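What follows is each chain in one-letter form.
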Amino acid sequence: MKNRKGLLTGLIAVLAFVLVPTLSFAQDDAEQTFSIDPAHSSVLFRANHMNIGYVFGMFPEVGGEFTFNEEDPAASSVSIEVEAGSVETFVDKRDKHLRSPDFLSAKEFSTITFESTSIEQTGDKTFEVTGDFTIRDVTKEITIDVKHLGSGKGPEGNFRRGFYTEFDIDRTQFNVDWNPKVVGKKLRIILAFEGVVKN
Amino acid sequence: METVIFNAAVWGILVPATITGLLMLVEQPPWRVTSESDTPLGFGWAGALTFPLGLVIAYVGTGGAPKNIPAIAFVAVLLGLFEFGIRKPQWARWLVRAVAITTIMFALIGFQFADYWTTLGQDLLWGTTIVAITALLFETFDRVGRNRPGATVPLTMMILAAGTAGFFALVGTARVAQMIGALAAVAGAATVVALWNCNTRIAPGASTAWGLLYAGLTMFALFSLMELPPLGPFAILLVAPHLLWLGDVGPLKNLSGWKDTALRVAVVGAATAAALGWTQALVGGGGGSVY
C-alpha cells in the first residue's frame with residue numbers, strides 16, 4: 001500500500017514535469033511576438049508624375065514588431081517603424097529633395113510609423129487592420145487590408161510569418177503637400193514584411 | 001503647374017509686398033515733407049508689424065514650411081514693437097533679443113538638440129554660435145539703419161534674402177526658399193517706399209523683426225536638410241550683410257548720398273552673387289529640377 005502511494009506520487013510528479021511546460025508552450029504558441037526582419041521586408045511607394053506616368057520608390061530601413069494570436073486574431077498587434085531618411089528612388093537629387101522640408105523633412109521627423117489599434121479577421125488569411133499612421137507630425141487613423149502570406153521555419157531554424165498589404169494615402173493630409181500638380185497627391189504604399197519569432 | 005507658379009507669385013511675393021508697402025506708406029507718407037532729423041524712427045512699427053505679417057500671408061497662401069511660421073512671426077512682431085518702443089536701457093534690449101532668438105531657434109531647430117547634437121558641449125557650442133550670428137545681424141542692420149536713411153538697408157535686405165532663397169532652392173528645399181523669398185518681397189516693398197522718400201529709415205524694430213525671421217528661416221533650412229549644404233557659399237552669405245560696414249571705413253565714409261548707397265549695396269550684392277554662383281557650380285542646377 002505504501003509502495004502504491006509512492007508510485008502514484010511519482011507518477012503525478014512525472015506528469016507535472018511533462019505537462020506543465022507543454023501547457024505553457026501551448027499558451028505561448030497561441031500568441032507569439034515577432035521582430036520584423038528588415039532583410040525580408042519591403043516598403044515601396046508609387047507616385048503619379050504629372051498625370052503622365054508613375055515613379056516608384058522605397059524605404060530600405062524598416063523595423064518594428066508584431067504579435068500574432070492564431071486563436072484570437074483580434075488580440076494581435078503590429079508596430080512598424082520606417083526611417084524617413086532612407087527614402088530611395090534611385091535619383092540622388094530627387095532623394096535629397098524628398099528628405100527635405102518640402103516633403104518628409106526627414107531630419108526633423110525621422111520616422112514614419114504605423115501602430116495598430118484593432119485587428120479583425122475577414123477571411124481565412126485576411127485581416128482588416130486599423131491603426132495610427134504617422135508621417136511628419138501628422139497622425140491619421142487608417143484601415144488597411146492585410147494578407148497573411150505564410151509561416152514556417154527559416155534556414156536558421158527560427159519560426160517566421162509574413163504579411164502583405166497595399167493601400168493608398170493622400171500625402172497632403174500628412175503635410176507632405178509640395179507641388180501636387182507635379183507629384184500626385186495619392187500615394188500607393190506597398191508593404192511586405194516578415195517577422196522572426198522572439199525567443 | 002501654372003497654379004503653383006501663380007500662387008507663389010501672388011501670395012508669396014505680390015500680396016505680402018503690397019501690404020507691406022501700404023502699411024509703410026501709412027506710417028510715413030512720402031508726400032509729407034520731412035527732413036532727416038524729423039524721421040529718426042521711420043518704418044518702426046510698420047515694419048515690425050508688416051514684415052512678419054507678410055511672411056504669414058506667404059505661408060498661408062503657398063503652404064510653406066516650417067509649420068510654426070505663425071508662431072515665429074508672433075514673436076518677431078513682439079520683438080519688433082519692443083525695439084521700436086524701447087531704446088534704453090541697452091541691457092533690456094539685449095535681454096529681450098536673446099530671449100527671442102533662443103525661443104525662435106529652439107522652436108525651429110530644437111530637433112537638432114534632441115537627436116543630433118548629443119552632448120551638452122555640442123548644444124552649447126551650436127546654440128551660442130547661432131545666437132551670436134543672429135545678434136550680429138541685428139547689430140549691423142540696426143546701426144547702419146540708424147545712420148543711413150533711404151534705401152540702403154531695405155535694398156540690402158532684399159538682395160540678401162533673394163540670394164539666400166536662391167541658395168536654398170539650389171540645395172533642395174523650395175518651400176523654405178519660398179518663405180525667405182517672401183522676406184525679399186517685403187524688403188523690396190520697403191525699398192520702393194524708401195526710394196520715394198529718401199529720408200525714411202528702416203531701424204529700429206523693423207530690422208530686428210526682419211532679422212529674426214531671416215535668421216530663423218535660414219537656420220531651419222540649414223539644419224533640416226539631411227546633408228549640410230555647401231559651407232563655403234553659406235559662409236559668404238553669413239558675412240555678406242556685414243559688408244554694409246565697408247561704407248564706414250577710411251575714406252569711404254566720406255562718400256555721400258547715392259554713392260554711399262551704391263557702394264554698400266554693390267559689395268553686399270557682389271558677395272551674394274558670388275555665393276550663388278559658387279553654389280550653382282557645386283550642385284549643378286535646381287534641387288527640384290528632377291521633376
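Quick caveat, the model's predicted, so the values are computed rather than measured.

What about the overall build of chain A?
Consideration 1: Along chain A, the regular secondary structure elements total 2 helices and 10 strands.
Consideration 2: Of the regular secondary structure in chain A, the N- to C-terminal order runs α-β-β-β-β-β-α-β-β-β-β-β.
Consideration 3: Taken over 199 residues, chain A has a buried fraction of 42%.
Consideration 4: Long-range contacts, defined as pairs at least 24 residues apart, comprise 54% of the intrachain contacts of chain A with a sequence gap of at least 6.
Consideration 5: Per element, the accessible surface of chain A, about 10,900 Å² overall, is 55% carbon and sulfur.

A few points about the overall build of chain B
Consideration 1: Counting secondary structure elements, chain B contains 10 helices and 0 strands.
Consideration 2: The burial tally for chain B puts 54% of its 291 residues in the buried class.
Consideration 3: Looking at chain B as shown, the accessible area adds up to about 11,700 Å², and 73% of this sits on carbon and sulfur atoms.

Describing the nonpolar core
Residue and element names in this part refer to chain B.
Consideration 1: In terms of nonpolar packing, the biggest core is built from 72 residues, with Ile 109, Phe 168, Leu 183, Ile 202, Trp 210 and Leu 212 touching the most fellow members.
Consideration 2: With 13 residues, helix α8 (residues 206-224) is the single largest residue contributor to this core.
Consideration 3: If we skip the residues at most four places from it in the chain, Leu 183 touches Leu 55, Ala 161, Trp 210, Leu 213, Tyr 214 and Leu 217.

Regarding the confidence of the model for chain A
Caution is warranted with low-pLDDT regions, since their predicted coordinates should not be read in detail.
Residues and elements named next belong to chain A.
Consideration 1: Of all residues in chain A, 85% attain a pLDDT of 70 or more, and the chain-wide mean is 88.
Consideration 2: The element-level mean pLDDT for chain A is lowest in helix α1 (residues 2-30), coming to 51, with strand β5 (residues 77-83) highest at 98.
Consideration 3: Across residues 17-27, confidence stays below pLDDT 50; counting only partners more than four residues off in sequence or on other chains, it has 2 contacts.

Some details on the side chain of Ser 105 of chain A
Consideration 1: Looking at the element boundaries, Ser 105 of chain A is found in the loop between α2 (92-99) and β6 (111-121).
Consideration 2: Given the relative accessible area of 0%, Ser 105 of chain A is considered buried.
Consideration 3: There is a polar contact of 2.8 Å between the side chain of Ser 105 of chain A and the side chain of Glu 108 of chain A.
Consideration 4: Excluding residues within four positions of it along the chain, Ser 105 of chain A makes contact with Leu 98, Arg 99, Ser 100 and Arg 136 of chain A together with Phe 220 and Ser 224 of chain B.

Things to note about the interface of chain B and chain A
Consideration 1: Across the contact, 29 residues belong to chain B and 26 residues belong to chain A.
Consideration 2: When chain B packs against chain A, close to 2,300 Å² is buried across both sides, 59% of that on carbon and sulfur atoms.
Consideration 3: At the surface where chain B touches chain A, the tally comes to 3 salt bridges.
Consideration 4: Linking Lys 96 of chain A and Glu 227 of chain B is a salt bridge whose minimum nitrogen-to-oxygen distance equals 3.5 Å.
Consideration 5: Between the two partners, chain B and chain A, sit 8 residue pairs in polar contact (both at pLDDT 80 or more).
Consideration 6: Residue assignment for the side of chain B that touches chain A shows that the elements contributing at least two residues are α1 (2-27), α4 (90-116), α7 (174-196) and α8 of chain B.
Consideration 7: Within the side of chain B that touches chain A, the residues separate by chemical class into 14 nonpolar, 12 polar and 3 charged.

Section: the packing of aromatic side chains
Geometry of an aromatic ring pair is reported as the spacing of the ring centres plus the angle between the planes.
Consideration 1: Applying the stated criterion across every chain, the model contains 22 aromatic pairs over all chains.
Consideration 2: Ring geometry for Phe 66 of chain A against Phe 193 of chain A: centres 5.6 Å apart, planes inclined by 70°, an arrangement best described as edge-to-face. Within this pair, whereas Phe 66 of chain A is found in strand β4 (residues 62-69), its partner Phe 193 of chain A is found in strand β10 (residues 183-197), the two being separated by 127 residues in sequence. As far as burial versus exposure is concerned, Phe 66 of chain A and Phe 193 of chain A are alike and both buried.
Consideration 3: Ring centres 5.3 Å apart and planes at 5° place the aromatic pair Trp 117 of chain B and Trp 126 of chain B in the stacked group.
Consideration 4: Classification of Trp 117 of chain B as buried rests on a relative accessible area of 6%.
Consideration 5: Here a set of aromatic residues connected by ring pairs shows up, and it is made of Phe 34, Phe 66, Phe 68, Phe 127, Phe 159, Phe 163 and Phe 193 of chain A.

Describing the environment of Phe 74 of chain B
Consideration 1: Its location among the elements puts Phe 74 of chain B in helix α3 (residues 69-85).
Consideration 2: Sequence separation of Phe 74 of chain B and Leu 53 of chain B is 21 residues, and the distance between their C-alpha atoms is 8.7 Å.

Quick word on unusual backbone geometry
Consideration 1: A cis amide bond links Ala 65 of chain B to the next residue, Pro 66 of chain B, at an omega of 0°.
Consideration 2: For Pro 66 of chain B, the position within the fold is in the loop between α2 (44-62) and α3.
Consideration 3: With a phi angle near 55°, Met 50 of chain A is a residue other than glycine that sits in the positive phi range.
Consideration 4: Tracing the sequence through the fold places Met 50 of chain A in the loop between β2 (42-49) and β3 (53-58).

A few points about a nonpolar patch on the surface
Consideration 1: There is a patch of nonpolar side chains on the surface, built from Trp 91, Leu 95 and Val 99 of chain B and spanning about 360 Å² of accessible area.
Consideration 2: If you trace the backbone, Val 99 of chain B turns up in helix α4.

Some thoughts on a negative patch on the surface
Consideration 1: On the surface, Glu 61, Glu 81, Glu 83 and Glu 115 of chain A cluster together into a patch of negative charge.
Consideration 2: Tracing the sequence through the fold places Glu 81 of chain A in strand β5.

What about the pairing of β4 of chain A?
Residues and elements named next belong to chain A.
Consideration 1: Taken across its 8 residues, β4 has 6 buried, putting it largely inside the fold.
Consideration 2: In this structure, strand β1 (residues 31-36) lies alongside β4, joined through 5 bridges in antiparallel fashion. Along β4, the bridge assignment pairs Gln 32 with Phe 68.

Regarding α2 of chain B
Note that an α-helix has 3.6 residues per turn; residues three or four places apart therefore point the same way.
Consideration 1: A rise of 1.5 Å per residue sets the reference length of α2 of chain B, with its 19 residues, at 27 Å; its end C-alpha atoms lie 27 Å apart and thus fit the reference within 8%.
Consideration 2: Following α2 of chain B by one or two positions, Gly 63 of chain B has its phi on the positive side, about 65°.

Each value, and the rule that gives it
Residues numbered from 1 in each chain as written. Chains lettered and ligands numbered in written order. Predicted model: local features only at pLDDT ≥ 70, side-chain atom pairs only at ≥ 80, totals over all residues. Heavy atoms only, no water. Helix = DSSP H or I, 4+ residues; strand = E, 2+ residues; numbered from the N terminus. Buried < 20%, exposed > 50% of the residue type's maximum accessible area, 1.4 Å probe, protein only. Contact = heavy atoms within 4.5 Å. Areas by Shrake-Rupley, 256 points an atom, 1.4 Å probe, with all protein chains shown as cover. Core = buried A, V, L, I, M, F, W, Y, C linked by side-chain atoms within 4.5 Å. pLDDT = per-residue confidence, 0-100. Polar contact = N/O pair within 3.5 Å; in protein donor to acceptor, adjacent residues only side chain to side chain. Buried area = accessible area lost by both parts, 1.4 Å probe. Salt bridge = Lys/Arg side-chain N within 4 Å of Asp/Glu carboxyl O. Nonpolar A, V, L, I, M, F, W, Y, C, P; charged D, E, K, R; others polar. Phe/Tyr/Trp six-rings, centres within 6.5 Å; stacked < 30°, edge-to-face > 60°. Patch = residues over 30% accessible without salt bridge, like charges linked within 9 Å, V, L, I, M, F, W, Y side chains within 5 Å. Lys, Arg positive; Asp, Glu negative; His and termini not counted. Charge placed at Lys NZ, Arg CZ, Asp CG, Glu CD. Pairing = 2+ DSSP bridges. Expected span 1.5 Å × (residues − 1).

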